[in-house]
Amino acid sequence: SKQWYQRRVRDTRNGLELNIECVHFSNISETDFEKVFALLEANMKKEYEASTWGWNEKEKKAELREKNPWFLIARDSSQIVAFAHFKFDFDEDVEVLYCYEVQVVDELRSKGVGKFMMQILELVGARAAMKKIMITVFKHNPRSVHFFKDILKYTDDETSPRYCDPLEEEEYCYEIMSKALRTMATGPKTDPAKEPVTLKSMCKASCCK
């Protein structure tokens, strides 16, 4: 299956009721893809322009589709209010879930939506027997650095420039952070493209039950 799970989440504290689904890129509609890209552009275009990477719309759209990615999408009614873009990959021969983007609409920031999206990805990675979850963060974005290091307790990965190229660290515009995952699979390793996993089944072994 190319759709992993769907779940409705209600947050009575903030008056939110979100529908969250995880879909393979081959199943995302062009309309939803454009909405996802619009959110990415609204949040990150200036950040990319301030970096050595720059912003190129055509290249960024291609990046969102390449190498077999997945999308975790949160909707409020029909509006996409948050998404994460991630892949199952190998990093230095270690199985990882690499989150390339996690974006939330401005009006829902600081309401726990981004944190919840990342917690779902951690559960997904653990259930799929990934060893760790990784993310790249711009050094000139203090809000993002604070979110991952102080709130989610990510640490600098051994592949981050400060470790792999310490003498030239200042030349890099980014840091690579990671968090070890506690494998939840008890049998053969899960192939997420072939064996769907529900959030409900993952939460039976987590703090979300």
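Description of the structure in this document.

Cut-offs used in this document
Residues numbered from 1 in each chain as written. Predicted model: local features only at pLDDT ≥ 70, side-chain atom pairs only at ≥ 80, totals over all residues. Heavy atoms only, no water. Helix = DSSP H or I, 4+ residues; strand = E, 2+ residues; numbered from the N terminus. Buried < 20%, exposed > 50% of the residue type's maximum accessible area, 1.4 Å probe, protein only. Contact = heavy atoms within 4.5 Å. Pairing = 2+ DSSP bridges. Right-handed = clockwise from strand over helix to strand, strands pointing away. 1 Å grid on protein atoms, 1.4 Å probe; cavity = no way out; pocket = protein on both sides within 12 Å on 5 of 7 lines; lining within 4 Å. Points joined across faces, edges and corners; volume = space filled by probe spheres on them. Nonpolar A, V, L, I, M, F, W, Y, C, P; charged D, E, K, R; others polar. Salt bridge = Lys/Arg side-chain N within 4 Å of Asp/Glu carboxyl O. Core = buried A, V, L, I, M, F, W, Y, C linked by side-chain atoms within 4.5 Å.

1. Brief notes about the overall build of the chain
Secondary structure summary: the chain contains six helices and eight strands in total. Going residue by residue from the N terminus, the α and β elements of the chain occur as β-β-α-α-β-β-β-α-β-α-β-α-β-α. Expressed as a percentage of its 209 residues, the buried residues of the chain come to 48%. Considering only intrachain contacts with a sequence separation of at least 6, the fraction spanning at least 24 residues in the chain is 64%.

2. Concerning the pairing of strand β4 (residues 79-91)
Bridge count between strand β3 (residues 70-76) and β4: seven bridges; the pairing is antiparallel. Each residue of the ladder has a partner; that of Ala-74, found in β4, is Ala-82. Taking the residues that link successive antiparallel strands as the turn, the β3-β4 hairpin has two residues, and the phi of Ser-77 there is positive, at about 60 degrees. In the sheet, β4 pairs with strand β5 (residues 94-104) via ten bridges, with the strands oriented antiparallel. What sits directly across from Phe-86, in β5, is Cys-99. Turn length for the β4-β5 hairpin, with the two strands adjacent in sequence and antiparallel, is two residues, and the turn residue Glu-92 shows positive phi of about 55 degrees.

3. Side note on the pairing of strand β6 (residues 132-138)
β6 sits mainly inside the fold: six of its seven residues count as buried. In terms of strand pairing, β5 meets β6 through four bridges, oriented parallel. Looking at the pairing, Cys-99 lines up with Ile-135 of β6. Chirality of the crossover, the property in question, places the unit of β5, helix α3 (residues 113-127) and β6 among those that are right-handed. Inspection of the sheet shows β6 paired to strand β8 (residues 174-180) by seven bridges, in the antiparallel sense. Within β8, the position partnered with Lys-132 by the bridge is Ala-180.

4. What about the environment of Phe-116?
Within the element layout of this structure, Phe-116 appears in helix α3. Residues in contact with Phe-116, not counting those within four places in the same chain, are Val-9 and Ile-20.

5. Here's the deal with the side chain of Ser-51
Take Ser-51: it is sitting in the loop between α1 (30-49) and α2 (57-65). Among residues more than four places away in sequence, those in contact with Ser-51 are Phe-138, His-140 and Cys-173.

6. What to know about the side chain of Ser-160
Secondary-structure assignment places Ser-160 in the loop between β7 (155-156) and α5 (161-164). Apart from the residues lying within four places of it in its own chain, the contact partners of Ser-160 are Glu-175 and Ile-176.

7. Here we look at the layout of surface pockets
By volume, the largest pocket amounts to about 1300 Å³. For the largest pocket, the lining is made up of 45 residues, of which Met-44, Glu-101, Val-102, Gln-103 and Ser-144 are closest to its centre. Elements with a contribution of two residues or more to the lining of the largest pocket: α1, α2, β4, β5, α3, β6, α4 (142-151) and β8. Broken down by element, the residue count for the lining of the largest pocket peaks at seven residues, all from β5. For the lining of the largest pocket, the residue count by class is 20 nonpolar, twelve polar and 13 charged.

8. Overview of the pattern of salt bridges
The tally for this structure, following the rule as stated, stands at 15 salt bridges. For the salt bridge of Lys-132 with Asp-157, the shortest nitrogen-to-oxygen distance reads 2.7 Å. With Lys-132 in strand β6 and Asp-157 in the loop between β7 and α5, this pair connects stretches of sequence that are 25 residues apart. Linked by salt bridges that have partners in common, Lys-149, Asp-156, Arg-162, Glu-169 and Glu-175 make up one network.

9. Here we look at the nonpolar core
Among the nonpolar cores identified, the biggest contains 59 residues, and Phe-71, Leu-72, Met-118, Leu-121 and Phe-148 are the most heavily contacted of them. In this structure Phe-148 touches Val-102, Met-118, Ile-135, Val-137, Lys-153, Tyr-154 and Met-177, once residues within four positions along its chain are discounted.

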